[in-house]
Amino acid sequence: MARKPRGTLRLITEKCIGCERCVGECPVDAIEMVDGVAVVDYEKCIVCGKCVKVCPTEVFYIEPPAGEAEEPAEVAESAVAAIQAEEERERAAQEELSRRLAEYSGVWVWVEHFKGEVHPVSWELLGKASELAQARGSKVAALLLGHQVGHLVQEAGYHGADIVYHIDDPVLADYRTDPYTLGIVSLVRKYKPEILLMGATTTGRDLAGSIATELKTGLTADCTGLDIDEQTGHLRQTRPAFGGNVMATILTQRHRPQMATVRPRVMRALPRDESRVAQVIHEELGMTKDRVRTRIVRWVPNDESELVNLQYAEVIVSGGRGLGGPEGFRVIEDLADALGGVVGASRGAVDAGWISHDHQVGQTGTTVRPRLYVACGISGAIQHRVGMEQSDLIVAINIDPNARIFQIADFGIVGDLYEIVPEFARQAREEGLKDLLLGVAESTASGG
Ligand SMILES: Cc1cc2nc3c(=O)[nH]c(=O)nc-3n(C[C@H](O)[C@H](O)[C@H](O)COP(=O)(O)OP(=O)(O)OC[C@H]3O[C@@H](n4cnc5c(N)ncnc54)[C@H](O)[C@@H]3O)c2cc1C
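Residues numbered from 1 in each chain as written. Predicted model: local features only at pLDDT ≥ 70, side-chain atom pairs only at ≥ 80, totals over all residues.

*Asks:* Is there a simple way to explain the overall build of the protein in this structure?
*Replies:* A count of helices and strands for the protein gives 12 helices and 21 strands. The C-alpha atoms of the protein give 30 Å as radius of gyration, which overshoots the globular expectation for 448 residues (22 Å, by more than 25%). Its C-alpha atoms give the protein principal-axis dimensions of roughly 95 × 65 × 40 Å. Looking at the protein as a whole, 37% of its 448 residues are labelled buried. Intrachain contacts of the protein at a sequence separation of at least 6 include 65% that bridge at least 24 residues. (Helix = DSSP H or I, 4+ residues; strand = E, 2+ residues; numbered from the N terminus. Rg over C-alpha atoms; globule rule 2.2 N^0.38 Å. Buried ≥ 20, exposed ≤ 12 C-beta atoms within 10 Å, placed from the backbone. Contact = placed C-beta atoms within 7 Å.)

*Asks:* Where do I start with the packing of helix α6 (residues 177-191) against helix α7 (residues 202-215) in this structure?
*Replies:* The axes of two packed helices give the description: the angle between them and the distance between them. Look at α6 against α7: their axes get within 9 Å of each other, and the N-to-C directions meet at 50°. One element, α6, and the other, α7, form an angle in the oblique class. The two elements α6 and α7 meet at a crossing, and its hand is right-handed. Counted together, Thr177, Tyr180, Thr181, Ile184, Val185 and Val188 of α6 and Asp206, Leu207, Ser210, Ile211, Glu214 and Leu215 of α7 form the full contact between these two elements. The residue makeup of the contact of α6 with α7, split by class, is seven nonpolar, three polar and two charged. (Axes fitted to C-alpha atoms, helices over the stretch in contact; angles between N-to-C directions. Parallel < 35°, antiparallel > 145°, perpendicular 65-115°, else oblique. Left-handed = near helix turned anticlockwise from the far one by under 90°. Nonpolar A, V, L, I, M, F, W, Y, C, P; charged D, E, K, R; others polar.)

*Asks:* Would you mind going over the sheet that holds strand β21 (residues 411-414) with me for this structure?
*Replies:* Consider a sheet: its strands pair through backbone hydrogen bonds, and that pairing is either parallel or antiparallel. With parallel pairing, five strands are arranged side by side in an open sheet as β18-β17-β19-β20-β21. The sheet is open, and its two borders are formed by β18 (342-345) and β21, each paired with just one other strand. In this sheet, adjacent strand axes meet at a mean angle of 20° when their direction is disregarded. Relative to β18, strand β17 (residues 315-319) runs parallel, the two sharing four bridges. Pairing of isoleucine 316 across the sheet is with valine 342, part of β18. (Pairing = 2+ DSSP bridges.)

*Asks:* Any chance you could explain the site of the ligand here in plain terms?
*Replies:* What surrounds the ligand is a group of 30 residues, the closest being Gly320, Gly322, Arg347, Gly348 and Gly362. Counting residues per element, the ones that place at least two in the shell around the ligand are α9 (347-351), α10 (382-385), β20 (393-398) and α11 (417-430). When residues of the shell around the ligand are assigned to their parent elements, the largest contribution, three residues, is made by α9. (Near = placed C-beta within 6 Å.)

*Asks:* Whenever I open this one, the domain arrangement of the protein confuses me. Can you help?
*Replies:* Where interface size is given, it is often the accessible area lost as the parts come together that is meant. Here the protein is described as being made up of domain 1 (8-99), domain 2 (107-291) and domain 3 (315-445). Distance from the C-alpha centre of domain 2 to the C-alpha centre of domain 3: 33 Å. Contacts between the two partners involve eight residues from domain 2, matched on the other side by eight residues from domain 3. Partitioning the side of domain 2 that touches domain 3 into residue classes produces three nonpolar, three polar and two charged. (Domains from an automatic or database assignment.)

*Asks:* Is there a simple way to explain α7 in this structure?
*Replies:* A turn of α-helix holds 3.6 residues, and therefore any two residues three or four places apart point the same way. In a regular helix each residue adds 1.5 Å, so 14 residues correspond to 20 Å; α7 covers 20 Å between its end C-alpha atoms and thus fits that length. Contacts from the buried residues of α7 go to α6, β10 (195-199), β11 (219-223) and β15 (258-262). Looking one or two residues beyond α7, the residue adopting positive phi is lysine 216, at roughly 55°. (Expected span 1.5 Å × (residues − 1).)

*Asks:* Hey, could you run me through the nonpolar core in this one?
*Replies:* Side chains of nonpolar character tend, in soluble globular proteins, to be buried together. Counting residues in each nonpolar core, the largest one holds 49 residues, and the members touching the most others are Val109, Ala129, Ala142, Leu143, Leu144 and Leu197. It is helix α4 (residues 120-136) that provides the largest number of residues to this core, a total of seven residues. Not counting residues up to four positions away in its chain, the partners in contact with leucine 197 are Trp108, Val109, Leu125, Ala129, Ala260 and Val262. Within the second largest apolar cluster, 44 residues are counted, among which are Val317, Val342, Val361 and Leu437. (Core = buried A, V, L, I, M, F, W, Y, C linked by C-beta atoms within 7 Å.)

*Asks:* Would you mind going over unusual backbone geometry with me for this structure?
*Replies:* The phi angle of most residues is negative, glycine excepted, and most peptide bonds adopt the trans form. With an omega dihedral of -5°, the bond running from arginine 256 to proline 257 counts as a cis peptide bond. Its place among the elements puts proline 257 in the loop between β14 (246-250) and β15. With a phi angle near 70°, glutamate 20 is a residue other than glycine that sits in the positive phi range. Tracing the backbone through its elements, the reader meets glutamate 20 in the loop between β1 (8-11) and α1 (21-25).

*Asks:* How should I be thinking about the environment of aspartate 400 in this particular structure?
*Replies:* With respect to the helices and strands, the residue aspartate 400 is situated in the loop between β20 and β21. A C-alpha to C-alpha distance of 7.5 Å links aspartate 400 and glycine 415, two positions 15 residues apart in sequence.

*Asks:* Is there a simple way to think about the packing of helix α8 (residues 329-339) against α11 in this case?
*Replies:* For the pair α8 and α11, the least separation of the axes is 8 Å and the interaxial angle reads 20°. The angle between the axes of α8 and α11 places the two elements in the roughly parallel class. The interaxial crossing formed by α8 with α11 has left-handed handedness. Contacts between α8 and α11 involve Val331, Asp334, Leu335, Ala338 and Leu339 from the former and Tyr418, Val421, Pro422, Phe424, Ala425, Ala428 and Arg429 from the latter. Grouping the amino acids of the contact of α8 with α11 by side-chain chemistry returns 10 nonpolar, no polar and two charged.

*Asks:* Looking at this structure, how should I read the sheet that holds β10?
*Replies:* Taking strand neighbours across the sheet as the criterion, the seven strands line up as β11-β15-β10-β5-β8-β9-β16 in an open arrangement whose pairing is parallel. Strand pairing shows two members of the sheet lacking a second neighbour, β11 and β16 (279-283), which therefore form its edges. Geometrically, the sheet is characterised by an average inter-axis angle of 25° between neighbouring strands, direction not taken into account. Pairing of strand β8 (residues 140-146) with strand β9 (residues 163-168) involves six bridges; the strand directions are parallel. Bridged to glycine 146 within β9 is aspartate 168. Packed on one face of the sheet, α7 meets β10, β11 and β15 and runs near 170° to β15.

*Asks:* What should I look at first to understand α8 in this one?
*Replies:* Looking only at α8, the buried set comprises Phe329, Val331, Ile332, Leu335, Ala336, Ala338 and Leu339. Considering only its buried residues, α8 is in contact with β17, β18, β19 (372-376), α11 and α12 (433-445).

*Asks:* Looking at this structure, how should I read the environment of threonine 364?
*Replies:* Mapping threonine 364 onto the fold places it in the loop between α9 and β19. It is 7.7 Å that separates the C-alpha atoms of threonine 364 and glutamine 383, two residues lying 19 residues apart in sequence. Excluding residues within four positions of it along the chain, threonine 364 makes contact with Arg347 and Gln383.

Structural data, given as structure tokens:
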């Protein structure tokens, strides 16, 4: 139903003494002071009459619609009362929300493991969790679910956890969505963490989505940055959006925990410290195996022997479209060999069919964080940079002095890669250039 028009707000500007009471009173910010007198934005004005009441010099009055008698005072009164009631409801809802959010505290990390070995991304996330917990004045907790993985409990402490929540149950021996979701959801409901982080691995992505759905909270996948908003205390979850053309910062303002997944190698693990001792809290799973909807029939391992292991490589030499053709990767391989590293590539080179996708670095490839990254004939598009800009030391070789890769390179060499790369490889083999660069990488990483 259309709202009954209440007339138009009019001003007698000459009476205005510039006291600004109307500005403070207006619920829709429709009044501002221009050259010391009140001016109304009629797009915003809802003709509530608050300014009429508050003005000490009777600048404002409401003109009834043409052909109608002046709006009775009670109508304006009831409009004001309705707005005040609405404001009151909003205030009460906001207070209730703040009270509910304040019940949550602590930064949690799910410890992912397979055959007794922890995925390094879990330790990397504990490193980030320590920073976040410090900013929030709260504690870091690790979630360790599994069967006979007690040896990892204190290991989680060595990597930064103040508390380890441990559930040991034969049902958790192999990862399956149902029991892991149940275990973590019941821990969250009982202990109420403010933030829950997981690795953006195949398993982590599966589990995070299931938990967020169960808890009806927000989840930001594949974050490249996490920090705390100083004013609100919310977790700022930054990730590429719109095909990687912009970086979006996402907040979970009304629900807890705030959940995020992060790819391996994006965050930095703390140095392992055996002097740290975590408090351990044991809990029960409370699920029998007949309630699990999936069964592991057998394991069929991927044949990964042929695939390049970029994720944890210490040195990566990558080639892009500037190579001009697949044969260009021979010089890249030679330099990688001289530096004891592996070969990476831009999507430009992969899409051209010059090298297989497992070599691709970037948003739709692998995120890497080597000690040394050498980019040859790569322009430095944002989708490439988000996958490698955390490298300790970046060397870029490009014929174009304005290439964007130089904006993030520690050392930039302008020139033809076919002249530079073979000489680079020679110096790496014969003149100890590798050790020199890794030494610089070391000091860059430690803030030198
Ligand atoms: C949704 C989405 C996801 C994407 N994901 C990724 C991703 O994961 N990884 C990724 O890399 N890209 C990704 N891209 C593509 C990205 O936008 C770029 O198109 C791509 O990175 C370009 O590859 P390039 O730098 O090799 O090629 P170009 O941009 O063509 O750059 C080639 C460079 O080589 C230089 N050059 C030419 N000849 C020589 C020479 N002789 N010596 C030295 N330099 C030379 C040129 O000056 C130029 O800077 C994605 C794009 C989209 C839309």
